[in-house]
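Structural characterization, general
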Amino acid sequence: ETGVTQSPTHLIKTRGQQVTLRCSSQSGHNTVSWYQQALGQGPQFIFQYYREEENGRGNFPPRFSGLQFPNYSSELNVNALELDDSALYLCASSLEGAFSSYNEQFFGPGTRLTVL
Amino acid sequence: GQQVMQIPQYQHVQEGEDFTTYCNSSTTLSNIQWYKQRPGGHPVFLIQLVKSGEVKKQKRLTFQFGEAKKNSSLHITATQTTDVGTYFCNEKLTFGTGTRLTIIP
């Protein structure tokens, strides 16, 4: 177990709705990265938060937004859900910003989002 | 943008046979990490390579980083059913396409 938790584990939404996913990082970690993993694909980087600031962003539209709190837990918000947003959403915590460091990432179990 | 490709996409081996997955990048990598994701699970960190030509071993697993730092490989000797899963290489926040390993008992 990595100590990284995510909630909820599963979620079903309809197209056009909004969703908020939550992640608690491992104790002592100040960096959280979010990934989208479609079935049979590798994780795709959405964005990263380091000490409450966005520290990098992948190729995802602005309707994907996030937040990091003072305790380093994080939220991923997705507005105007589309069918293609159906995927496993993973968060990973690490020490320092992974963009400029070589630190390993500790993944949570993920949230399985289904958009109907 | 940078792409990290892995081959093969799938590999089916008889238990006890060896397995190798290759990771190739179009650009020079600063480092390479390897992760394993069991079916229904999440990626778990295996190892990190930083130096050109670096080789590291973990029991039956051997990891190599190319001299030009544009490719890497993971080799498993005498596979066991516990090796089942998808193996990903990763540089910072870019994951490879993965190699899914299945074992025939």
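Everything here concerns the structure above.
Scope of this entry: the structure provided in the associated data block. Given the structure is predicted, the values throughout are model-derived calculations rather than measurements.

**Observations concerning the interface of chain A and chain B**
Many analyses report the size of an interface as the accessible area lost when the parts associate. Contacts between the two partners involve 20 residues from chain A, matched on the other side by 18 residues from chain B. Between chain A and chain B, the buried area comes to about 1,500 Å², and carbon and sulfur atoms account for 60% of it. Viewed at the interface, chain B and chain A are joined by 0 salt bridges. At the junction of chain A with chain B, the criterion picks out 4 residue pairs in polar contact (both at pLDDT 80 or more). Those elements that place two or more of their residues in the side of chain A that touches chain B are strand 4 (31-37), strand 5 (44-50) and strand 9 (87-94) of chain A.

**Topic: the pairing of strand 8 (residues 74-78) of chain A**
All names here are of chain A. The buried fraction of strand 8 amounts to 5 of the 5 residues, a majority that puts the element mostly inside the structure. Residues of strand 8 alternate between two faces, with Ser 74, Leu 76 and Val 78 on one and Glu 75 and Asn 77 on the opposite face, all of them buried. Inspection of the sheet shows strand 3 (residues 19-24) paired to strand 8 by 5 bridges, in the antiparallel sense. When the sheet's bridge partners are listed, Val 19 is paired in strand 8 with Val 78. Two strands pair when backbone bridges link them, and strand 7 (residues 64-68) and strand 8 are joined in this way by 5 bridges, in the antiparallel orientation. Bridge assignment links Gln 68 to a residue of strand 8, and that residue is Ser 74. Hairpin connection, strand 7 to strand 8: the antiparallel pair is bridged by 5 residues, and Tyr 72 has positive phi, about 75 degrees.

**Describing the state of the cysteines**
Tallied over the full model, the rule gives 2 disulfides over all chains. Sulfur-sulfur distance for the disulfide between Cys 23 of chain A and Cys 91 of chain A comes to 1.9 Å. Judged by the sign of its S-S torsion, about 70 degrees, the cystine formed by Cys 23 of chain A and Cys 91 of chain A is right-handed. Placement of the pair is Cys 23 of chain A in strand 3 and Cys 91 of chain A in strand 9, with a sequence separation of 68 residues. Cys 23 of chain A gets classed as buried once you look at its relative accessible area, which sits at 2%. Covalent S-S linkage joins Cys 23 of chain B and Cys 89 of chain B, the inter-sulfur distance amounting to 2.0 Å. Between Cys 23 of chain B and Cys 89 of chain B the disulfide shows an S-S torsion of about 75 degrees. By sign, it is right-handed. Here Cys 23 of chain B, found in strand 3 (residues 19-25), pairs with Cys 89 of chain B, found in strand 9 (residues 85-91); they are 66 residues apart in sequence, far enough to count as distant. Classification of Cys 23 of chain B as buried rests on a relative accessible area of 0%. Look at Cys 89 of chain B and you get buried, because its relative accessible area is 0%.

**Brief notes about the pattern of salt bridges**
What the rule picks out here adds up to 6 salt bridges over all chains. Among the salt bridges present, the one from Glu 82 of chain A reaches Arg 63 of chain A, with a minimum N-O distance of 3.3 Å. Separated by 19 residues along the polypeptide, Glu 82 of chain A in the loop between strand 8 and strand 9 and Arg 63 of chain A in the loop between strand 6 (53-57) and strand 7 bring together distant segments of the chain. Its relative accessible area of 40% is what places Glu 82 of chain A among the partly exposed residues. With a shortest N-O distance of 3.7 Å, Lys 56 of chain B and Glu 54 of chain B are connected by a salt bridge. Residue class for Lys 56 of chain B comes out partly exposed when judged on its relative accessible area of 31%.

**A word on the sheet that holds strand 1 (residues 4-7) of chain B**
All names here are of chain B. Taking strand neighbours across the sheet as the criterion, the 5 strands line up as 1-3-8-7-6 in an open arrangement whose pairing is antiparallel. Whereas interior strands pair on both sides, the edge strands pair on one side only; in this sheet they are strand 1 and strand 6 (55-58). Ignoring which end each strand starts from, the neighbouring axes of this sheet average 15 degrees apart. For strand 3 and strand 8 (residues 71-76), the ladder comprises 6 bridges, and the chain directions are antiparallel. Residue pairing across strands places Thr 21 opposite Leu 74, the latter belonging to strand 8.

What counts and what doesn't
Residues numbered from 1 in each chain as written. Chains lettered and ligands numbered in written order. Predicted model: local features only at pLDDT ≥ 70, side-chain atom pairs only at ≥ 80, totals over all residues. Heavy atoms only, no water. Contact = heavy atoms within 4.5 Å. Buried area = accessible area lost by both parts, 1.4 Å probe. Salt bridge = Lys/Arg side-chain N within 4 Å of Asp/Glu carboxyl O. Polar contact = N/O pair within 3.5 Å; in protein donor to acceptor, adjacent residues only side chain to side chain. Helix = DSSP H or I, 4+ residues; strand = E, 2+ residues; numbered from the N terminus. Buried < 20%, exposed > 50% of the residue type's maximum accessible area, 1.4 Å probe, protein only. Pairing = 2+ DSSP bridges. Disulfide = S-S within 2.5 Å. Axes fitted to C-alpha atoms, helices over the stretch in contact; angles between N-to-C directions.

These figures capture arrangement, not role.
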